[in-house]
Amino acid sequence: MNEKNLKKKSLEYRKTILEIIFQSGAGHTGGSLSCIDILNVLYNSVMDISPKNFPNLDRDHFIQSKGHSVEALFTVLCDCGFYSKKDLNTLNQFNSHFIGHPTKKVPGIEHNTGALGHGLSVAVGLAICKKIDQKNNKVFSLLGDGELSEGSVWEACTTASKYNLDNLIIIVDRNDLQITGKTEDVNPIEPIDKKFKSFGFETISTNGNNISDLLYVFQHVPVKENKPTVIIAKTTKGSGVSFIENQINWHHKVPSKDEYESAISELNEKLNSYE
Amino acid sequence: MNKIGKPNLEVFSETLLKEARKNKNIIVVTSDSRGSGKLVPFGKELPNQIIEVGIAEQNLVGVSSGLAAGGKIVFGVSPASFLTARALEQIKNDVAYSDLNVSLIGISAGISYGQLGSTHHSIHDFATLRAINNMTIVAPADNFEAAEVIKQAISYNHPLYIRYGKKPMMDIHPPSTKFKIGKSIVVKKGEDLTIVATGETLQRAYLASEILKKSNIHCSIISMHTIKPFDKETFIEFSQNSKAILTVEEHSIFGGLGECCASLIAQNNINVKLKILGIPDEYMINGSQADVLDHYDMSPEKIAEISKDLLNK
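Residues numbered from 1 in each chain as written. Chains lettered and ligands numbered in written order. Predicted model: local features only at pLDDT ≥ 70, side-chain atom pairs only at ≥ 80, totals over all residues.

Before going further, it helps to spend a moment on the interface of chain A and chain B. If you look at the interface, chain A gives 22 residues, while chain B gives 23 residues. Elements that contribute at least two residues to the side of chain A that touches chain B include exactly α5 (119-132) and α6 (151-162) of chain A. Broken down by element, the side of chain A that touches chain B gets its largest block of residues, 10 residues, from α5 of chain A. Each residue belonging to the side of chain A that touches chain B can be placed in one class, and the counts come to 10 nonpolar, 8 polar and 4 charged. (Contact = placed C-beta atoms within 7 Å. Helix = DSSP H or I, 4+ residues; strand = E, 2+ residues; numbered from the N terminus. Nonpolar A, V, L, I, M, F, W, Y, C, P; charged D, E, K, R; others polar.)

The subject of this paragraph is the sheet that holds strand β3 (residues 168-174) of chain A. Residues and elements named next belong to chain A. Strand order in the open sheet made by the 5 strands is β1-β2-β3-β5-β4, with parallel pairing throughout. Taken across any chain shown, the strands that pair with only one partner, and hence form the sheet edges, are β1 (61-64) and β4 (202-207). Put simply, the sheet's adjacent strands are angled 20 degrees from each other on average, direction ignored. The pairing of β4 with strand β5 (residues 229-234) spans 6 bridges and is parallel. Of the residues in β5, the one forming a bridge with Ser205 is Ile232. Taken strand by strand, helix α9 (residues 211-219) contacts β4 and β5, and its axis lies near 160 degrees from that of β4. (Pairing = 2+ DSSP bridges. Axes fitted to C-alpha atoms, helices over the stretch in contact; angles between N-to-C directions.)

All names here are of chain B. Most of strand β5 (residues 102-107) sits inside the fold, with 6 of its 6 residues counted as buried. What you see with β5 is no split at all: Val102, Leu104 and Gly106 on one side and Ser103, Ile105 and Ile107 on the other are buried throughout. Summarising the sheet, β5 and strand β7 (residues 160-163) pair through 4 bridges and their orientation is parallel. Paired with Gly106 across the two strands is Arg163, which belongs to β7. (Buried ≥ 20, exposed ≤ 12 C-beta atoms within 10 Å, placed from the backbone.)

This next bit is on the environment of Glu301 of chain B. Residues and elements named next belong to chain B. Looking at where Glu301 falls in the secondary structure, it is placed in helix α12 (residues 300-310). Among the residues examined, Glu301 registers 13 C-beta atoms within 10 Å and is labelled partly exposed. Here the alpha-carbon distance between Glu301 and Ile217, two residues 84 residues apart in the chain, equals 14 Å.

A separate point is the domain arrangement of chain B. Residue and element names in this part refer to chain B. Per the domain assignment, the segments of chain B are domain 1 (4-170) and domain 2 (185-310). Computed over C-alpha atoms only, the centres of domain 1 and domain 2 are separated by 25 Å. Taken together, the 26 residues of domain 1 in the interface contact 25 residues of domain 2. Within the residue set of the side of domain 1 that touches domain 2, elements represented by two or more residues are α6 (125-130), β6 (136-138) and β8 (168-170). Taken together, the residues that form the side of domain 1 that touches domain 2 break down as 12 nonpolar, 9 polar and 5 charged. (Domains from an automatic or database assignment.)

Here we come to helix α9 (residues 232-240) of chain B. Along an α-helix, a turn takes 3.6 residues, which lines up residues three or four apart on a common side. All names here are of chain B. Among the residues of α9, Phe235, Phe238 and Ser239 are the ones counted as buried. Summarising the axial view, the buried residues of α9 lie within an arc of 100 degrees, below the 170-degree limit, and thus occupy one face. Counted as exposed and oriented over 90 degrees from the buried face of α9: Glu233 and Gln240. The inward-facing, buried residues of α9 contact β10 (193-197), β11 (219-223), β13 (244-252) and α10 (257-267). (Arc of directions from axis to C-beta.)

In structure tokens form, the structure reads like this:
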């Protein structure tokens, strides 16, 4: 998919994220908006995953370890044809599988996540599996920056390095914020790149809300043979909507009707500029 | 007199090696637990079927889940105490909730570690794992059960926890016995009381029944190797037709075999006496597995004595 279309998609996805959170009355607005460009590029330009090949294991895999940003993932999977918008609109309704974290009951979801610090070990297991089976598929895993405080993340890193998992690509959604405040105030995690490097990873930093930067970076992974890669994607929490950006209280705030309409009109204006 | 067999843990590793030779899809994951899991021969013979993650139980469970998600038949092997406490959330979310084909092998379970103390004991594993949806829990009693459960685990296709001790176990079951996960084994039938035991306490219950026989007291003995899903049918049938029920487990008296039986008796309006033997809620005494079990009233002699008390004999 060309860059212009991806950029338009990112705006449309943002509208859908806000719509489903507004309609269902719950969701992680800030984090979903920060990682949406990453998911957009992954699913539409990078990964070999589709509704058709999903039941088959000879494909790429994606584990969203920061499960709470599920509205972004649900939105992209819907657009990729894993299920209908009507199904997605059941988000948070009684007896719906579309809940506040990914579950495998939703088509296209690889693994149940939500508790932080779990996804990377699972991704490592999948990547080892690919090596054993001598398959060239890649395993991608999206982690939050606040999530890096979980010790289990670093346990997984030691194994990724030991088994030379160059088929494992981690993306850290580095939006600088977590529920309490700035990551560096809550529990400093910098220098992220040096930490991963010391665990045997190749690291690349990029702008995680810039489609062309993301496309470029994903074309260059893995960076080195026999080494796992981490992409530190610098993002803005709430990216794309001026009054939501970088606001701690939008971690899981639901827009009011006025806020929702204002956000949609801001996104529509940006979309119109592409016409 | 029944013959003393091997440690169940050895039977586990030998059985798994035999199966893994035939089935390259079987992968073992260890957390520096190759030696204690008796998997050194496995590692030597099938180095491509063993993954070592170091002393990192949470990672062991997560990596096991990932391998299973990729289509492997996975055995995650780690000391029961660390596996089922430290990695409990990974068991809950990544194995049970995600319904993956992972058999978690809790080695040196219960109080097998003896004098190494409470940090190394797992007297909580039945209780914690029973409360996790979609978990199956098995505690094999003798070498026969220890081997059969592994053969069935390979095609079980769902989360499974199996705990093993490391002392040689008495052979209880003849090889012709039918073993099925979720279905208890009636070792013997007697009209007076029923002793229900699980795992390595079965041999103690069995020896107690031999002592009682000399006093003309006839016991039924049930090997309740599967703690969950519980064989309600067999248990209810025996509790309706016994004068008393005695449960024996190498586990806390809370949340294990005994309380499961108590719940079934109460909810099915069965009028039968019940006594639960296990580890009480206290700072545990130190000693070998055998000495500690003896101390907490689980010697064959004490089990026999308590049985007589229950029957007012």
